[in-house]
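Residue-level listing of the chains:
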Amino acid sequence: MRCRKCGVKAVINMQQHRLSLCREHFLDWMMRQIENSVENYKMFSKNERLLLAVSGGKDSLALWDILWRLEYKVDGLYINLGIDNENNYSNQSQQRAQEFAELRNLNLTIFNLKNETGHSITDLASENYRGQKKPCSVCGLVKRHVMNRYAIDKGHDVLVTAHNLDDEAAILLSNTLNWSLSFLSRGQPYLPAKHGLVRKVKPFYKTYERESAAYAILRNINYIDDECPFSKNSKQLIFKENFNEWEESMPGTKLRFYINYLQALDHGAFPDRQQDNEILINQQCQSCGQPTISEGLCSYCRLFK
Ligand code: Q46
Ligand code: ZN
Ligand code: ZN
C-alpha cells in the first residue's frame, strides 16, 4: 500500500475515499478537509472567537489541534461531569484536556458540575426522574445549557463541537427510524444563532471516527481512550456498530447516508417546523435568563430545583 501523492509506504487506507496516504500527506489532507468543511458552510472566520467543547477524547483534541494549526482563535471548555467509575473517567479525561492545552498554550475553561451545583451526572442519573436509567438524557441537557451559557457570557461568536460522521450518521439513522421530523429538519452541521442560542457548528461532519483517531495518534496526542461508562448499551452504539459492518461490504455508506440527507435538506425535504414554536422558544428563564420553551424556569434550572 503506497501513498497516492508521493509513493512512499502509506499509513492509512481509506476505502471510502479510495485513498491511501503516508503520514505527512494524511495529516495535510485532514487539515484541508476541515478547512473545506468550514468554508463550505461559512462556519466561522479567522476574526471570530470560537469555543470548542473538549472532552479529552480523540475527536475534540484532534479538532482543537487542527483549528489551532489553521490559526483560528479557539478556546476550550471542558465540563467535568463527576463520573468517577473505577477508571476515574472524568478526572482522567480532564487531565488529558489540560495537558493538551498547556502544551500548546491554549485557553481551557473547566466547569465542574459537582462543585457548581452539588450534583454529579452519576448523582443526577440516580436522583432525578428524568435521569433514571437515562444519564445521557440529563447529561445532554446539562452540556447544552452550560456550553451555551459560557459561549455567550465569555463573548464567543460560535460554539464548536467535535461530532464526527459516525456520530451524525448514527443520530440520523435513529431520527429516521422514528421519523422525528423536527430533528430531521435541523440535522445540518451549521445552526445559526437564534433566540439567545449561540451559533453551533460541527467541522468534523464528514470525518470518519477512524480518521480522527488516526490523526490524533499520528500527532502523538495523549487522549483518553476509555469511553464514558454510560455509553455502553446505548442505542447510538448499536447504530454505529451496524454502520461499521455495512462499511466493510459497502465502503462509503455512512458518508453517502449523511451527505445525501444534507442535499435532501437543501432541496426542502424536511421543512423547518420550529417556526411554529418560535413564540414559545423566545421566552427567557426567570432564574438564569437562558431561552426556554416552557414558562418560568428552563429545564436546567428545574432539574436542580
Ligand atoms: S458523556 Fe454524558 Fe455521553 Fe456519558 S453520560 Fe451519556 S451523554 S455517554 S457523549
Ligand atoms: Zn505521501
Ligand atoms: Zn434557567
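The shown structure was predicted, so the numbers you read here are calculated from the model rather than taken from an experiment.

## Concerning the packing of aromatic side chains
Applying the stated criterion across every chain, the model contains eleven aromatic pairs. Ring geometry for Phe-111 against Tyr-150: centres 5.9 Å apart, planes inclined by 80°, an arrangement best described as edge-to-face. Taken together, the residues Phe-111 in strand β5 (residues 108-112) and Tyr-150 in helix α6 (residues 135-153) connect sequence positions 39 residues apart. Like Tyr-150, Phe-111 is buried. Among the aromatic residues, those joined into a cluster by ring pairs are Tyr-41, Tyr-205, Tyr-258, Tyr-261 and Phe-270. Across the ring face of Tyr-72, the terminal group of Lys-46 is positioned such that the distance to the ring centre comes to 5.0 Å. The side chain of Arg-104 reaches across the aromatic face of Phe-100, ending 3.8 Å from its centre.

## A few points about the coordination of the zinc ion (ligand 3)
Note on the zinc ion (ligand 3): its protein donors are Cys-285 (SG), Cys-288 (SG), Cys-298 (SG) and Cys-301 (SG). The metal-donor distances range over 2.3 Å. Because the angles between the four donor atoms bound to the zinc ion (ligand 3) fall within 106 to 112°, the donor set is best described as tetrahedral. Counting the intervening residues between successive donors of the zinc ion (ligand 3) yields the motif C-x2-C-x9-C-x2-C. Accessibility expressed as a relative area gives 4% for Cys-285, which makes it buried.

## Things to note about the nonpolar core
As a rule of thumb, nonpolar side chains are buried together in soluble globular proteins. Judged by nonpolar contacts, the single largest core of 54 residues is most densely connected at Phe-26, Phe-44, Trp-64 and Leu-67. It is helix α1 (residues 23-40) that provides the largest number of residues to this core, a total of seven residues. Here Leu-67 is in contact with Ile-34, Phe-44, Leu-50, Tyr-72, Val-74 and Val-160, once residues within four sequence places are set aside. Counting 29 residues, the second-largest nonpolar core is a separate cluster that includes Ile-83, Cys-139, Tyr-150 and Leu-303.

## Things to note about the packing of helix α7 (residues 165-177) against helix α11 (residues 253-266)
Between two packed helices, both the angle of their axes relative to each other and the distance between the axes serve to describe the pair. Remark: α7 packs on α11, axes separated minimally by 9 Å, with the N-to-C direction vectors making an angle of 65°. If you check the angle between α7 and α11, you find them roughly perpendicular. The handedness of the crossing between α7 and α11 is left-handed. In this structure, α7 uses Leu-165, Asp-166, Glu-168, Ala-169, Leu-172, Leu-173 and Thr-176 to contact α11, whose residues at the interface are Lys-254, Leu-255, Phe-257, Tyr-258 and Tyr-261. Tallied by class, residues from the contact of α7 with α11 come to eight nonpolar, one polar and three charged.

The rules behind these values
- Residues numbered from 1 in each chain as written.
- Chains lettered and ligands numbered in written order.
- Predicted model: local features only at pLDDT ≥ 70, side-chain atom pairs only at ≥ 80, totals over all residues.
- Heavy atoms only, no water.
- Phe/Tyr/Trp six-rings, centres within 6.5 Å; stacked < 30°, edge-to-face > 60°.
- Helix = DSSP H or I, 4+ residues; strand = E, 2+ residues; numbered from the N terminus.
- Buried < 20%, exposed > 50% of the residue type's maximum accessible area, 1.4 Å probe, protein only.
- Lys NZ or Arg CZ within 6 Å of the ring centre and 35° of its normal.
- Donors = N, O, S within 2.8 Å, 3.2 Å for Na, K, Ca; no water.
- Tetrahedral: all angles 85-135°; square planar, octahedral: opposite > 155°, others 65-115°.
- Core = buried A, V, L, I, M, F, W, Y, C linked by side-chain atoms within 4.5 Å.
- Contact = heavy atoms within 4.5 Å.
- Axes fitted to C-alpha atoms, helices over the stretch in contact; angles between N-to-C directions.
- Parallel < 35°, antiparallel > 145°, perpendicular 65-115°, else oblique.
- Left-handed = near helix turned anticlockwise from the far one by under 90°.
- Nonpolar A, V, L, I, M, F, W, Y, C, P; charged D, E, K, R; others polar.

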